[in-house]
Amino acid sequence: MTEVLAAAHELPRAEREALALCVWSGVSYADAAEVLCIAEASVCSRVSRAKSRLTRRFTTVQGATR
């Protein structure tokens, strides 16, 4: 978990906030959009980009250690 949190901390702030709200806290995309004062589609994009970045990071790390 420490590695995941460290990687999440390196994400751009906008992506990190959307990820924290929607994925970790279970806030709906609509509610997160209201809190962040952005469109719901923007929240969806930010979460998607954050997940992609984290997936690439850990896929690369695991691939390098095998």
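It should be noted that the structure appears before, not after, this text.
Residues numbered from 1 in each chain as written. Predicted model: local features only at pLDDT ≥ 70, side-chain atom pairs only at ≥ 80, totals over all residues. Heavy atoms only, no water.

Participant: What should I look at first to understand the overall build of the chain in this one?
Facilitator: Summing up its helical and strand segments, the chain has four helices and zero strands in all. The helix and strand sequence of the chain, counted from the amino end, reads α-α-α-α. Here the C-alpha coordinates of the chain stretch approximately 45 × 20 × 15 Å along the principal axes. Residue burial in the chain is summarised as follows: out of 66 residues, 21% are buried. A sequence separation of at least 24 residues applies to 49% of the contacts in the chain between residues at least 6 apart. Here the chain displays about 4500 Å² of accessible surface, and carbon together with sulfur accounts for 54% of that area. (Helix = DSSP H or I, 4+ residues; strand = E, 2+ residues; numbered from the N terminus. Buried < 20%, exposed > 50% of the residue type's maximum accessible area, 1.4 Å probe, protein only. Contact = heavy atoms within 4.5 Å. Areas by Shrake-Rupley, 256 points an atom, 1.4 Å probe, with all protein chains shown as cover.)

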